[in-house]
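The lines below spell out each chain.
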Amino acid sequence: MKLGIIDMEMATTHFQVKLDTLAAALNVDPNKYRYGLRQEAFSMPALDEDPVTLAATAANRLLQRTGREGIRTMIVATETGIDQSKALGLFVQTLLELSSNMRIIETKQACYSATASLQMALGIVARKPEERVLVIASDVARYAVDTPGEPTQGAGAVAMLVGADPQLLEIEPASGVWSAHIDDFWRPNDSSTPMVDGARSLDAYLGAFTGAWEDYLAQGGSPIEEIDYFVHHQPFTKMAIKGHRRLVEHTGAAIDEQRVEPSLSYTPQLGNTYTASLYMGLLSLLHSDLDLTGKRIGLYSYGSGAAGEFFTMVPQPGYQKLLHPEIIAAAIADREELSFAEYRRLHAAHERGSKQDYTNPRVTGAPYRFAGVRDGARYYQHNEPQAATGAFSVLR
Ligand code: CAA
């Protein structure tokens with residue numbers, strides 16, 4: 001029995017910041033961002049957007065196509081969750097009016113946890129093939145201003161429905177894992193931005209890659225020559241190229257960079273989407289002109305701290321019929337551009353605690369919005385016109 005991804009969809013934010021704008025304001029050569037990082041812009045949430053609204057929007061787009069039948073589990077992967085205790089998926093469940101007969105959890109291991117969530121979902125559907133599992137990766141990658149990470153910010157979500165006899169992608173059983181305690185990138189509980197040791201984070205990404213690759217081979221994985229295309233975690237686009245070069249160097253295989261390039265169309269525009277980033281890369285590859293039917297795609301998932309996993313997927317016959325590249329094209333193109341001053345004001349305005357009540361201005365055009373905080377609890381709204389004049393929809 002084949003197991004894998006039945007369908008997938010994405011969402012991003014209302015605003016974007018162009019890196020040429022950032023470079024001009026910071027007096028940096030724009031070529032450093034354009035060619036050094038291979039980034040052109042990043043997504044930036046409005047005050048009424050957050051990882052919940054992104055996750056709900058992506059899942060809503062997905063479920064409109066797949067329906068909800070058989071979904072009894074939702075796993076939301078995020079490293080920018082909105083509560084230390086309550087799973088983000090519970091907010092999504094309410095917004096999407098999903099069944100109460102569901103198990104809902106949140107997973108965390110930096111950018112890696114969506115991949116661990118997929119593996120957990122496969123375990124559930126292997127045991128009960130009549131069930132389907134909703135896996136969502138959702139993050140707002142926010143770095144402190146005036147740090148090297150600032151141009152690599154971003155935000156977005158990818159929702160995936162996992163099940164038996166998948167029409168989109170089979171996930172093959174072999175998988176290589178690697179982990180170690182490394183202080184390369186982390187975010188203490190009382191900080192809204194991460195601590196980053198940039199050079200160490202690059203080394204950790206590359207070291208976890210070869211570690212996961214060797215384990216993949218030891219677990220009976222395919223030889224590199226039998227992997228047709230590659231998608232690597234994209235904290236910034238150039239990092240995926242660096243990862244690929246390391247794999248080529250490590251294996252001695254003559255695998256040219258055209259095998260990874262088709263996965264690099266969306267991250268230059270979105271920026272780092274943390275847990276969703278690898279899967280934005282997968283969407284980019286699927287949306288390319290290539291006929292990938294029956295081809296083997298190798299995916300390298302990395303999360304700082306650090307954990308890596310290498311595994312493979314195979315697009316199924318007729319998979320192209322399930323693709324909707326126009327959705328991501330519109331999501332990228334429709335973002336409103338911020339000036340440098342507007343961006344910095346918004347960045348500062350996102351720094352809010354939960355000790356005081358507030359109401360967010362109505363900005364996002366997405367179907368769901370983060371309305372504000374009352375008595376320490378977050379409130380969300382459907383963004384339909386009739387809700388515009390209504391009171392908060394109370395979700396507790
Ligand atoms: N024209 C063209 N290229 C230029 C240039 C110019 N004028 N000036 C500099 N460059 C190039 C540099 O040569 C360099 O390229 P190479 O690495 O290919 O040599 C590149 O631009 C970056 O410049 P620096 O080496 O000076 O690095 P920086 O100080 O700008 O920092 C960074 C880069 C460490 C990645 C920083 O953006 C950062 O801290 N990012 C956040 C951490 C991160 O993303 N780490 C990646 C691995 S961790 C991970 O994957 C998990 C995750 O999602 C965070």
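Residues numbered from 1 in each chain as written. Predicted model: local features only at pLDDT ≥ 70, side-chain atom pairs only at ≥ 80, totals over all residues. Heavy atoms only, no water.

Rule in force here: UniProt positions are given in the numbering used here, feature names are shortened, and annotations may be inferred rather than shown by experiment.
As named in an unreviewed UniProt entry, the chain is Hydroxymethylglutaryl-CoA synthase, taken from Canibacter oris. Looking at the Sequence similarities (unreviewed entry) heading of the UniProt record, one finds this comment for the chain: "Belongs to the thiolase-like superfamily. HMG-CoA synthase family."

Quick notes on helix α11 (residues 340-349)
Note the following rule: Only protein chains enter the accessibility calculation, which uses a 1.4 Å probe. A residue is then buried if its area is under 20% of the maximum for its type, exposed if over 50%, and partly exposed in between. Only DSSP runs of H or I reaching four residues or more are called helices, and only runs of E reaching two or more are called strands; each is numbered from the N terminus. This arc describes the spread of directions from the helix axis toward the C-beta atoms. Residues are treated as being in contact if the distance between any of their heavy atoms lies within 4.5 Å.
Within the span of α11, buried status applies to Tyr-343, Leu-346 and His-347. Projection of α11 onto a plane perpendicular to its axis shows the buried side chains occupying an angular sector of 105 degrees, all on one side. Where α11 is buried, its residues touch β2 (15-18), α1 (19-26) and β3 (41-44).

Things to note about the sheet that holds strand β14 (residues 336-337)
As a reminder of what qualifies: Pairing between strands requires that DSSP locate at least two bridges from one strand to the other.
Spatially, β3-β2-β14 is the arrangement adopted by the three strands of the open sheet, whose pairing is mixed. Across the chains shown, the open sheet's two edge strands, defined by having one partner strand only, are β3 and β14. With four bridges joining them, β2 and β3 adopt antiparallel strand pairing. In the sheet register, Gln-16 faces β3, and the bridge partner there is Ser-43.

A few points about the confidence of the model for the chain
The predicted structure's coordinates, where accompanied by low pLDDT, should not be read in detail. To keep it simple, the criterion reads: The pLDDT value tells you how sure the predictor is about a given residue, anywhere from 0 up to 100.
The predicted model of the chain averages 96 in pLDDT, with 97% of residues at 70 or higher. Taken together, the stretch residues 386-396 has pLDDT below 50 and engages in 22 contacts with residues farther than four places along the chain or on a different chain.

Some points on the site of the ligand
Rules: By convention in these notes, a residue is near a molecule or strand provided one of its non-hydrogen atoms lies within 4 Å of it. Polar contacts, as used here, are pairs of N or O atoms within 3.5 Å; protein pairs need one atom able to donate a hydrogen and one able to accept it. Residues neighboring in sequence count only if both atoms are side-chain atoms. Method for areas: the Shrake-Rupley scheme with a 1.4 Å probe, in which residue coverage is limited to the protein chains shown. In this analysis, the protein atoms alone were mapped onto a 1 Å grid. Cavities are point sets where a 1.4 Å probe fits without being able to get out; pockets are open sets with protein on both sides within 12 Å along at least five of seven lines; lining residues have an atom within 4 Å of a point. For a cavity or pocket, the test is whether more than half of a molecule's atoms lie within 2 Å of its grid points; if they do, the molecule sits there. As a working rule, the residues Ala, Val, Leu, Ile, Met, Phe, Trp, Tyr, Cys and Pro are called nonpolar, Asp, Glu, Lys and Arg charged, and the rest polar, with Gly in that last group.
Lining the immediate surroundings of the ligand are 23 residues, of which Asp-29, Lys-32, Ser-201, Lys-238 and Lys-242 lie closest. Contact distances for the ligand include 2.8 Å between an oxygen atom and a side-chain N or O atom of Lys-32. Between the ligand and the protein, one listed contact pairs an oxygen atom with a side-chain N or O atom of Lys-238 at 2.8 Å. Protein chains shield 70% of the accessible area of the ligand, which is 1000 Å² for the free molecule. Structurally, the ligand is housed in the second largest pocket. Sorting the residues of the shell around the ligand by element identifies α2 (30-37), α6 (198-218) and α7 (237-251) as the ones contributing at least two each. In terms of residue count, α6 provides more of the shell around the ligand than any other element does, four residues in total. Among the residues forming the shell around the ligand, the class breakdown is ten nonpolar, nine polar and four charged.

Structural notes on the UniProt feature "active site" (unreviewed entry) in the chain
Residues annotated in UniProt with the feature "active site" (unreviewed entry) correspond here to Glu-79, Cys-111 and His-233. Annotated residues from the preceding list that form part of the lining of the second largest pocket: these are Glu-79, Cys-111 and His-233. On the secondary structure map, Glu-79 appears in the loop between β4 (71-77) and α4 (88-95). Residue Glu-79 is classed as buried on the basis of its relative accessible area, which comes to 12%. If near-sequence neighbours (up to four positions away) are discounted, Glu-79 is found in contact with Ala-110, Cys-111, Asp-139, Phe-185, Arg-187, Tyr-274 and Thr-275. Within the secondary structure, His-233 is located in the loop between β11 (229-232) and α7. Take His-233: its relative accessible area is 2%, and that puts it in the buried class.

A short note on the side chain of Glu-9
Within the element layout of this structure, Glu-9 appears in strand β1 (residues 3-11). Among the polar contacts listed, one links the side chain of Glu-9 to the side chain of Arg-65, at a separation of 2.8 Å. In contact with Glu-9, not counting residues within four places along its chain, are Ala-58, Arg-61, Leu-62, Arg-65, Ala-157, Val-158, Ala-159, His-324 and Ile-327.

Description of the UniProt feature "domain: Hydroxymethylglutaryl-coenzyme A synthase C-terminal" (unreviewed entry) in the chain
Those residues carrying the UniProt feature "domain: Hydroxymethylglutaryl-coenzyme A synthase C-terminal" (unreviewed entry) are residues 175-248 and 257-314 in this numbering. Within the segment residues 175-248, helix and strand shares are 45% and 18% respectively, and the terminal C-alpha atoms sit 19 Å apart. Counting secondary structure, residues 257-314 comes out at 24% helix and 26% strand; the distance between its end C-alpha atoms is 20 Å.

A short note on the layout of surface pockets
What counts is decided by this rule: Grid points are joined across faces, edges and corners, and a volume is the space filled by probe spheres set on the points.
Size it by volume and the second largest pocket reaches roughly 650 Å³. In this structure, the second largest pocket is lined by 34 residues; those nearest its centre are Pro-148, Gly-149, Thr-152, Val-196 and Gly-198. Those elements giving two or more residues to the lining of the second largest pocket turn out to be α2, β10 (195-196) and α6. The dominant element in the lining of the second largest pocket, judged by the number of residues it contributes, is α6, at four residues. Here the lining of the second largest pocket is built from residues that sort into 21 nonpolar, eight polar and five charged.

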